[in-house]
Amino acid sequence: MATSSLVSLISKKIIKPSIQTPLPLRSHKLSFLDQVFDMSIPFAFFYPKKDGDKSSDEPSHVSQLLENSLSKALSYYYPYAGKIKDDCIVDCNDVGVEVSNVRVHCPMSEILKHPYTDAENVAFPQQLPWNHPNEGNLAVAQVSYFDCGGIAVGGCLSHKIGDACTISNFFYNWGILSRDKSVMPSPHFVGESIYPQSNDPYVVSNIKPEEPTKYLGKRFVFPAAKVNALKAKFSFDSGVQNPTRTEVVSTLIYKCALAARTRNFGSFKQSSLFQVSYMRERHNPPLSQDASGNIVSGFSVETTNERDVNCPRLVSELRNEKEKLDQDKARAIENAFISEVVDSIEKGRSPFNNDMLDYYFCLSLNAFPLYKTDFGWGKPTRVSLATGPFNRWFHLMDNQSGGGIEAIIMLGELDMSVFETDPALLEFATPISNH
């Protein structure tokens, strides 16, 4: 879907923190993981117009409200208003964040009913939302006004400053400050205190997003009742007590994705499912959710032949790998991303790029308050992460009603054409455009 022709610019301005960043915080040193990631994390929140709500008819009023609250949010999340310097520090000089106000010349429903996620790009301030912002900027934002009166608030925030937990908290607190300016969020940026900075120039900006030219993004909803049925089935067959929503849904998606790829290419290819893990609770001592930065690692399970593509076995292996990460503090400190980057440099290849192995990634956002992000218009009807950042990538988050899972799946066009019609998937999931 061509989206650029639907959008026209109303205004653009720079929003600076409401309070100057104190001198002791002006130099934010990047960690090894911060240095590695060269991408944004994009989020957009869609709010339809409610009956009797006149605020969305007044873009100037809404824009002023959001700009004031963003200014306050940036005084707490100050690195996003700075500039990267020498690939090793952020100069927290309060240059600010560019905010665009745009008109989208269609009803919001036209975007939300589209079968693939590329239509949602209208809500983002750059054409390729996962790309790192230009010119050393660390965040850009956009407020979109639809013809129907609905509003979307979107932004692309640098992965060099924080992970999805950090950025979801940023939007959540921006929403709170839009409703109550007296609130005082308490993010704490960890910098390089957990993963010390590298002096090796080869590690800098090693993990970049792929351009979404050969893959599609599509949403599926797994209702709470279907998730519970999956949990009961896989628990009985695997012996795993109380498998999580992420474990059962990710393994079913992985199995169906492998089946699609095998059908399209005529033979099975060795594959790996990499589960991104947030490490705050695994840190010794545990960190609060207010700890901000890239505090992530991960673990994986490999499937070497078609006999291994068995959901109960995969659930059991995922649980075993997760327990190893929970129990082995040394392994938690080592970090899977750092190990992969170092190994790829030594072998002269890109990270997570192996001709002999297909990587699939799962990022679970279930613990984050995405559908609780409220700028004064209630909960969003849709949370978007845009198409990306890679082929063979699964985003999982709470569904709007709670208890279930909303999955955003990235697959190559041929694989998606098979995957989206797989009866094994559709027994438990519904494409969101049909939901």
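The chain appears in an unreviewed UniProt entry as Acyltransferase from Solanum stoloniferum. Looking at the Sequence similarities (unreviewed entry) heading of the UniProt record, one finds this comment for the chain: "Belongs to the plant acyltransferase family."

Quick look at the overall build of the chain
When helices and strands are tallied, the chain shows eleven helices and 18 strands. Overall size of the chain, expressed as C-alpha extent along the three principal axes, is 60 × 50 × 35 Å. Out of the 435 residues in the chain, the part that is buried amounts to 58%. Counting contacts in the chain only where the partners sit at least 6 residues apart, residues at least 24 apart contribute 78% of the total. When the accessible surface of the chain is totalled, it reaches about 18,100 Å², and 49% of it is carbon and sulfur. Of the charged side chains in the chain, 43 are positive and 49 negative; the average position of the first set lies 3 Å away from that of the second.

Some points on the packing of aromatic side chains
Working definition: an aromatic ring pair is given by the centre-to-centre distance plus the angle between the planes. Under the criterion given, the structure shown has 30 aromatic pairs. Where Phe-43 meets Phe-171, the ring centres are 6.2 Å apart and the plane angle is 80 degrees; that geometry is what we call edge-to-face. Here Phe-171 lies in helix 4 (residues 164–179) and Phe-43 lies in strand 3 (residues 40–47), a separation of 128 residues in the sequence. Like Phe-171, Phe-43 is buried. Relative to Phe-361, the ring of Tyr-359 lies with its centre 6.2 Å away and its plane at 20 degrees, an arrangement referred to as stacked. Residue classification places Phe-361 among the buried residues on the basis of a relative accessible area of 8%. These aromatic residues form a ring-pair network of at least three members: Phe-43, Phe-45, Tyr-47, Tyr-77, Tyr-78, Tyr-80, Phe-170, Phe-171, Trp-174, Phe-189, Phe-375 and Trp-377. Over the ring of Tyr-116 we find Lys-218; its NZ or CZ atom is 4.8 Å from the centre of that ring. Taking the ring centre of Tyr-360 as reference, the NZ or CZ of Arg-392 above it sits at 5.6 Å.

A few points about the nonpolar core
If you look at the biggest cluster of nonpolar residues, it comprises 135 residues, and the most contacted ones within it are Phe-43, Trp-174, Phe-222, Leu-365 and Phe-419. Per element, the largest residue contribution to this core is nine residues, and it comes from helix 6 (residues 245–265). With sequence-adjacent residues up to four places away left out, Trp-174 is seen in contact with Leu-66, Ser-69, Leu-70, Ala-73, Ala-141, Val-153 and Phe-375.

Focus on the sheet that holds strand 17 (residues 405–412)
The strand order across the open sheet built from seven strands is 13-11-14-16-17-10-18, with neighbouring strands paired in mixed fashion. Unpaired on one side and paired on the other, strand 13 (296–303) and strand 18 (430–431) mark the two borders of the sheet. Note that strand 16 (residues 393–398) and strand 17 share six bridges and pair antiparallel. Following the sheet pairing, His-395 is matched in strand 17 by Ile-408.

Section: the pattern of salt bridges
Evaluated as defined, the whole model comprises 24 salt bridges. In this structure, Asp-94 engages Arg-26 in a salt bridge whose closest nitrogen and oxygen atoms are separated by 3.8 Å. In this pair, Asp-94 is assigned in the loop between strand 5 (89–91) and strand 6 (97–104) and Arg-26 in the loop between strand 1 (7–15) and strand 2 (27–29), connecting sequence segments 68 residues apart. Taken together, the shared-partner salt bridges in this structure form one network comprising Arg-261, Lys-269, Asp-358, Arg-392 and Asp-415.

A closer look at the side chain of Ser-344
Topologically, Ser-344 is positioned in helix 9 (residues 336–347). Classification of Ser-344 by relative accessible area gives buried; the value is 0%. Leave out the neighbours within four places in its chain, and Ser-344 touches Asn-206, Arg-349, Ser-350 and Pro-351.

Thoughts on the pairing of strand 16
Working note: regular strand, side chains alternate between the two faces of the sheet. Most of strand 16 sits out of view: five of its six residues are buried. Where strand 14 (residues 358–364) and strand 16 come together, four bridges link them in parallel fashion. Residue pairing across strands places Ser-364 opposite Leu-396, the latter belonging to strand 16.

Remarks on the environment of Pro-115
Here Pro-115 shows up in the loop between helix 3 (108–112) and strand 7 (139–146). Residue class for Pro-115 comes out partly exposed when judged on its relative accessible area of 34%. A sequence separation of 39 residues divides Pro-115 from Tyr-76, and the C-alpha atoms of the two residues are 38 Å apart. Residue contacts for Pro-115: discarding those within four places in its chain leaves Gly-217, Lys-218 and Ser-433.

Some remarks on the sheet that holds strand 1
Sheet architecture is open: six strands sit in the order 1-6-7-8-3-15, paired in mixed fashion. Looking at strand neighbours, the two that pair on one side only are strand 1 and strand 15 (382–384), the edges of this open sheet. Taking each pair of neighbouring strands and ignoring which way they run, the sheet shows an average axis angle of 15 degrees.

Looking at helix 5 (residues 224–238)
With 15 residues, helix 5 ought to run about 21 Å at 1.5 Å a step, and its terminal C-alpha atoms sit 21 Å apart, in line with that. Those residues of helix 5 that are buried lie in contact with strand 10 (215–222), helix 6, helix 7 (311–327) and strand 17. Where helix 5 ends, the next residue or the one after it, Gly-239, has phi of about 80 degrees, a positive value.

Side note on unusual backbone geometry
Following Asn-284, the chain continues into Pro-285 via a peptide bond in cis, with omega recorded as 0 degrees. Relative to the helices and strands, Pro-285 is located in the loop between strand 11 (271–278) and strand 12 (291–292). Looking along the chain, the bond that leaves Gly-388 and enters Pro-389 is cis, with omega of 0 degrees. Structurally, Pro-389 is set in the loop between strand 15 and strand 16. Its identity as a non-glycine residue notwithstanding, Asp-87 has a phi of 60 degrees, on the positive side. Its relative accessible area of 40% is what places Asp-87 among the partly exposed residues.

Calculation rules
Residues numbered from 1 in each chain as written. Predicted model: local features only at pLDDT ≥ 70, side-chain atom pairs only at ≥ 80, totals over all residues. Heavy atoms only, no water. UniProt positions renumbered as here; feature names shortened; annotations may be inferred. Helix = DSSP H or I, 4+ residues; strand = E, 2+ residues; numbered from the N terminus. Buried < 20%, exposed > 50% of the residue type's maximum accessible area, 1.4 Å probe, protein only. Contact = heavy atoms within 4.5 Å. Areas by Shrake-Rupley, 256 points an atom, 1.4 Å probe, with all protein chains shown as cover. Lys, Arg positive; Asp, Glu negative; His and termini not counted. Charge placed at Lys NZ, Arg CZ, Asp CG, Glu CD. Phe/Tyr/Trp six-rings, centres within 6.5 Å; stacked < 30°, edge-to-face > 60°. Lys NZ or Arg CZ within 6 Å of the ring centre and 35° of its normal. Core = buried A, V, L, I, M, F, W, Y, C linked by side-chain atoms within 4.5 Å. Pairing = 2+ DSSP bridges. Salt bridge = Lys/Arg side-chain N within 4 Å of Asp/Glu carboxyl O. Axes fitted to C-alpha atoms, helices over the stretch in contact; angles between N-to-C directions. Expected span 1.5 Å × (residues − 1).

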